[in-house]
Amino acid sequence: MIILKSKEEIARIAHASKIVAEVLQVLKKNVKAGVTTKELDRLAEEQIKKRGGVPAFKRYRDFPATLCVSINDQVVHGIPSKRVIKDGDIVGLDLGVIFDGFCGDAALTVAVGDVPPATLLLLRVTEASLYAGIQEARMGARLSNISHAIQTCAEAAGFSLVTEFVGHGIGRDLHEDPQVPNFGPPGQGPRLRDGMVLAIEPMVNMGKSEVRILEDKWTAVTCDHSLSAHFEHTVSITKGGPVILSCI
Ligand code: MG
């Protein structure tokens, strides 16, 4: 069931999402060669608490950390550890925050030091596909128009979409209906309505789309070990068009 939010509820989701955006910017500045992913997790938790929020991922379905850190061929849900970030890595940071009973969720992928142009292209195209999807998040349109715009953008660059994980509605719960796939034909699914809030989150692979889960039961990696990037925003559907809540 899709839950429509009141203006007051959207304001609370917006506050949670703003905290996510601010903390992601702090983390982005600290993603450097020599830093461990565990250090980033600690920083994320400290920065969330400083802003009066609560980590939304920690203990969600027993996830053990505040931040998901997914490096190179890791797609999503990487668990912070002693792993040291190296020059040339691409580092996906996915963060959720609860504020006043409502959630915000966003992600970005950072290139560390010198990375080849083809890798930078993967990052830029994944981010562009997110914005292509957001552009379609308009009242009256069908949900799968978002999915189709994401797929078209990423595939035009020769990349592939992960199909195992999808975007989602968000509000009191981190994951609500509807699911927002990053692929598929346009013109399907529910009509978008004022008061819907969606977390739109393309995961794009440089190689094939297949992923598998590691023994830790969380980390998703590409089967062919190709690089993967992830960008996400929490977006509100309004009469005036889509509003990105997870920005500063
Ligand atoms: Mg999400």
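Even after reading the chapter, I still don't get the environment of P186, so can you show me in this structure?
Assignment of secondary structure puts P186 in the loop between β8 (176-180) and β9 (197-200). Distance from P186 to H77, taken between C-alpha atoms, is 28 Å for residues 109 residues apart in sequence. Residues contacting P186, with those up to four places away along its chain left out, are S144, N145 and H148.

Would you mind going over the packing of aromatic side chains with me for this structure?
The geometry of an aromatic ring pair is captured by the separation of the ring centres together with the interplanar angle, meaning the angle of the planes. For the coordinates displayed, the defined rule picks out 1 aromatic pair. For the ring pair F63 and W218, a centre distance of 5.0 Å and an interplane angle of 85 degrees mean the geometry is edge-to-face. Taken as a pair, F63 in the loop between β1 (54-55) and β2 (67-71) and W218 in the loop between β11 (211-213) and β12 (220-222) lie far apart in primary sequence, 155 residues in all.

What's the story with the coordination of the magnesium ion in this structure? I'm lost.
Coordination angles at a metal have ideal targets, namely 109.5 degrees for four tetrahedral donors and 90 or 180 degrees for six octahedral donors. Here the magnesium ion is held by D105 (OD), H168 (NE2), E201 (OE) and E232 (OE), and the distances to it run 2.1 to 2.4 Å. Here the donor residues of the magnesium ion share one chain and are spaced in sequence as D-x62-H-x32-E-x30-E. One end of the pair, D105, is in strand β5 (residues 102-111); the other, H168, is in strand β7 (residues 167-169), and 63 residues separate them in sequence. Take D105 and H168: they sit in the same class, and that class is buried.

What's the story with the sheet that holds strand β6 (residues 160-161) in this structure? I'm lost.
Strand pairing in a sheet is mediated by backbone hydrogen bonds. Such pairs are either parallel or antiparallel. The strand order across the open sheet formed by 3 strands is β6-β10-β13, and the pairing between neighbours is antiparallel. The strands lining the two open edges of the sheet, one partner per strand, are β6 and β13 (228-230). Inspection of the sheet shows strand β10 (residues 203-205) paired to β13 by 3 bridges, in the antiparallel sense. The partner of N205 across the bridge, within β13, is S228. The sheet strands contacting helix α3 (residues 117-135) are β10 and β13, and the helix crosses β13 at an angle near 40 degrees.

Criteria and cut-off values
- The written sequence of each chain sets the order in which its residues are numbered from 1.
- At least 70 in pLDDT is required for a residue's local features to be given in this predicted model, at least 80 for side-chain atom pairs to be given and counted, and no such filter applies to totals for whole chains, interfaces and linings, which use all residues.
- Remark: hydrogens and water are excluded; side-chain values derive from all non-hydrogen atoms of the structure.
- Helix numbering and strand numbering both begin at the N terminus, where a helix is a DSSP run of H or I of at least 4 residues and a strand a DSSP run of E of at least 2.
- Here a residue-residue contact requires only that any non-hydrogen atoms of the pair lie within 4.5 Å.
- For Phe, Tyr and Trp, where Trp contributes only its six-membered ring, two rings pair if their centres lie within 6.5 Å, and the inter-plane angle classes them as stacked under 30 degrees, edge-to-face over 60, or tilted in between.
- Here the term donor refers to an N, O or S atom within 2.8 Å of the metal (or 3.2 Å for Na, K and Ca), and because water is left out of the atoms, sites may appear incomplete.
- Categorising residues by exposure relies on relative accessible area from a 1.4 Å probe, with only protein chains included: less than 20% of the type maximum marks a residue as buried, more than 50% marks it as exposed, and the intermediate range marks it as partly exposed.
- Paired strands are those between which DSSP finds at least two bridges.
- Throughout, an axis means a line fitted to C-alpha atoms (over the contacting stretch in the case of helices), and angles, computed between N-to-C directions, take values from 0 to 180 degrees.

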